[in-house]
Amino acid sequence: MSKVHTIDFDIDHDYTLIGIHSMLEEYHLAYYLNAQLNLRLSRFKDDLDFKSGNCRFPLYTYEDEANFTSWSLVSNKYFSIDEVSENNKNLFDQETRISYLIPEKKQVDFFIKVYGLEDVQKLNTTLQKINRIHKVITSYTIDAMELKSRDNLIF
């Protein structure tokens, strides 16, 4: 009788995750983050694409080689407009559907994922600068290991 061996891969979530509440569009937020944090976030050529849910989340990235950090800004929400079938009793022809990158954090509008930002003082300064941005309601760190859908942040 042969024995089946399974390999368990444990994904290392060794980054700082920041949640942002804001009504800004993602490109406006990227612009303000660049100005406030001295970054150069730019739109990644491909969005995060989840075919199973027909969702596309815009992704902005920046590799700061001088400070050995890597920054990613991603929207938590994807809005899609679906046609309503004739059988469905609805006042409107279309219906807006919202999909979430991290469903257990529906109140968060954006996530910033930073590799290499371990210094607590730098992190606190970063949060203060983000909170100074016009139309940012708040920002705070999130423990990625507590998120059920944390694997959606692997990109």
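Residues numbered from 1 in each chain as written. Predicted model: local features only at pLDDT ≥ 70, side-chain atom pairs only at ≥ 80, totals over all residues. Heavy atoms only, no water.

Trainee: Teacher, can you tell me more about the pairing of strand 6 (residues 69-75) here?
Mentor: Strand residues, when the strand is regular, have side chains that alternate between the two faces of the sheet. Burial runs high along strand 6: seven of the seven residues are buried. Neither face of strand 6 is exposed, since Thr 69, Trp 71, Leu 73 and Ser 75 on one face and Ser 70, Ser 72 and Val 74 on the opposite face are all buried. Pairing analysis gives six bridges linking strand 5 (residues 59-64) to strand 6, with the strands arranged antiparallel. Bridging from a neighbouring strand, Tyr 60 pairs with Leu 73 of strand 6. Here strand 5 folds back onto strand 6 in antiparallel fashion, the turn holding four residues, of which Phe 68 has a positive phi close to 55 degrees. In terms of strand pairing, strand 6 meets strand 9 (residues 110-115) through six bridges, oriented antiparallel. Residue pairing in the sheet places Ser 70 in a bridge with Tyr 115 of strand 9. (Buried < 20%, exposed > 50% of the residue type's maximum accessible area, 1.4 Å probe, protein only. Helix = DSSP H or I, 4+ residues; strand = E, 2+ residues; numbered from the N terminus. Pairing = 2+ DSSP bridges.)

Trainee: Would you mind showing me how to read the sheet that holds strand 10 (residues 136-142) here?
Mentor: Paired through their backbone hydrogen bonds, the strands of a sheet run either parallel or antiparallel. Strand order in the open sheet formed by six strands is 2-5-6-9-1-10, with antiparallel pairing between adjacent strands. The open sheet is flanked by strand 2 (42-43) and strand 10, the only strands paired with a single partner. Of the pairings in the sheet, the one linking strand 2 to strand 5 comprises two bridges and is antiparallel in character. Opposite Ser 42, over in strand 5, you have Thr 61 as the bridge partner. Sheet contacts for helix 1 (residues 26-37): strand 1 (16-22), strand 2, strand 5, strand 6, strand 9 and strand 10; angle to strand 6, the most-contacted strand, approximately 150 degrees. Contacts from helix 2 (residues 120-131) reach strand 1, strand 6, strand 9 and strand 10, with the element oriented near 160 degrees to strand 10. (Contact = heavy atoms within 4.5 Å. Axes fitted to C-alpha atoms, helices over the stretch in contact; angles between N-to-C directions.)

Trainee: Help me understand helix 1, please; the structure alone is not making it clear to me.
Mentor: Structurally, the α-helix is built with 3.6 residues per turn, so residues lying three or four positions apart point the same way. End to end, helix 1 covers 16 Å across twelve residues, agreeing with the expected 16 Å (1.5 Å per residue, within 8%). Within two residues after helix 1, Asn 38 carries a phi angle of roughly 60 degrees, on the positive side. (Expected span 1.5 Å × (residues − 1).)

Trainee: So what exactly am I meant to see when it comes to the environment of Phe 155 here?
Mentor: Mapped onto the elements, Phe 155 comes out in the segment after strand 10. For Phe 155, a relative accessible area of 33% puts it in the partly exposed group. When the C-alpha atoms of Phe 155 and Ser 72 are compared, they prove to be 9.2 Å apart, with 83 residues separating the residues in sequence.

Trainee: Can you help me understand the environment of Tyr 15 in this one?
Mentor: Residue placement: Tyr 15 occurs in the segment before strand 1. With 128 residues separating them along the chain, Tyr 15 and Asp 143 place their C-alpha atoms 9.4 Å apart. Each residue touching Tyr 15, except ones within four places of it in the same chain, is listed here: Lys 113, Val 114, Tyr 115, Ala 144, Arg 150 and Leu 153.

Trainee: Sorry, what's going on with the packing of aromatic side chains here?
Mentor: Between two aromatic rings, the relevant description is the distance of the centres plus the angle of the planes. Inspection of every chain in the model, using the stated rule, returns three aromatic pairs. The interplanar angle of 70 degrees and the centroid separation of 5.5 Å between the aromatic rings of Tyr 15 and Tyr 115 together place this pair among those described as edge-to-face. In this pair, Tyr 15 is assigned in the segment before strand 1 and Tyr 115 in strand 9, connecting sequence segments 100 residues apart. Judged by its relative accessible area of 10%, Tyr 15 falls in the buried class. Both rings, one in Phe 57 and one in Tyr 78, keep their centres 6.3 Å apart while their planes meet at 65 degrees; by these two values the pair is edge-to-face. Highlighted residues: Phe 57 in strand 4 (residues 55-57) and Tyr 78 in strand 7 (residues 77-83), separated in sequence by 21 residues. (Phe/Tyr/Trp six-rings, centres within 6.5 Å; stacked < 30°, edge-to-face > 60°.)

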